[in-house]
Amino acid sequence: MASIDKFKELKALIDGLEGDADKFFNKGNSAAGTRVRKTLQDIKTHAQTLRLGVQELKNSK
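Residues numbered from 1 in each chain as written. Predicted model: local features only at pLDDT ≥ 70, side-chain atom pairs only at ≥ 80, totals over all residues. Heavy atoms only, no water.

K.L.:
I'd like a rundown of the overall build of the chain, residues and numbers included.
P.N.:
Helix and strand counts for the chain come out as two helices and zero strands. In terms of overall dimensions, the chain is more spread out than a globule: its C-alpha atoms have a radius of gyration of 15 Å, far above the 10 Å expected for 61 residues. Taking all 61 residues of the chain together, the buried fraction comes to 20%. Within the chain, residue pairs in contact and separated by at least 24 positions form 61% of the contacts whose partners lie at least 6 positions apart. If you average the places of the 12 positive and of the 8 negative side-chain charges in the chain, the two averages end up 4 Å apart. (Helix = DSSP H or I, 4+ residues; strand = E, 2+ residues; numbered from the N terminus. Rg over C-alpha atoms; globule rule 2.2 N^0.38 Å. Buried < 20%, exposed > 50% of the residue type's maximum accessible area, 1.4 Å probe, protein only. Contact = heavy atoms within 4.5 Å. Lys, Arg positive; Asp, Glu negative; His and termini not counted. Charge placed at Lys NZ, Arg CZ, Asp CG, Glu CD.)

K.L.:
Quick one: what's the story with the packing of aromatic side chains, residue by residue and with numbers?
P.N.:
Here the structure, examined in full by the defined rule, presents one aromatic pair. Ring centres 5.0 Å apart and planes at 70° place the aromatic pair phenylalanine 24 and phenylalanine 25 in the edge-to-face group. Residue phenylalanine 25 is classed as exposed on the basis of its relative accessible area, which comes to 62%. (Phe/Tyr/Trp six-rings, centres within 6.5 Å; stacked < 30°, edge-to-face > 60°.)

K.L.:
So what about the environment of leucine 10? Which residues, and what values?
P.N.:
Considering the arrangement of structural elements, one finds leucine 10 in helix H1 (residues 4-27). Under the relative-accessibility criterion, leucine 10 is labelled buried at 12%. With sequence-adjacent residues up to four places away left out, leucine 10 is seen in contact with Ile43, His46, Ala47 and Leu50.

K.L.:
Residues and numbers for the nonpolar core, please.
P.N.:
Ala2, Leu10, Leu17, Ala21, Val36, Ile43 and Leu50 together form the largest nonpolar core, which totals seven residues. Counting residues per element, the ones that place at least two in this core are H1 and helix H2 (30-60). If we ignore the near neighbours within four places in the chain, the residues touching valine 36 are Leu17, Asp20 and Ala21. (Core = buried A, V, L, I, M, F, W, Y, C linked by side-chain atoms within 4.5 Å.)

K.L.:
Tell me what's going on with the packing of H1 against H2, and back it up with residues and numbers.
P.N.:
Helix packing for two helices is described by the angle between their axes and how far apart those axes are. Interaxial distance between H1 and H2 falls to 9 Å at its minimum, and their mutual angle equals 160°. Considered as vectors, H1 and H2 are oriented roughly antiparallel to each other. Considering how the two elements wind past one another, H1 and H2 form a crossing that is left-handed. Residues Lys6, Phe7, Glu9, Leu10, Leu13, Ile14, Leu17, Asp20, Ala21, Lys23 and Phe24 of H1 form the contact with H2, whose participating residues are Ser30, Ala32, Gly33, Arg35, Val36, Thr39, Leu40, Asp42, Ile43, His46, Ala47 and Leu50. For the contact of H1 with H2, the class distribution of residues is 13 nonpolar, four polar and six charged. (Axes fitted to C-alpha atoms, helices over the stretch in contact; angles between N-to-C directions. Parallel < 35°, antiparallel > 145°, perpendicular 65-115°, else oblique. Left-handed = near helix turned anticlockwise from the far one by under 90°. Nonpolar A, V, L, I, M, F, W, Y, C, P; charged D, E, K, R; others polar.)

Laid out in structure tokens, this is it:
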């Protein structure tokens, strides 16, 4: 079920990605690139779950 807490979790994942993205894109740290890819996959999963929850709430009204 969608909630503001799920949205905040998604936002935290995005905010937390910045450090590793900087290390990968600006400093060439390949391990950071792996972490970026993993976090992006987590973001995709969270976003899909949130999207389905929003649709469910919308349809129930």
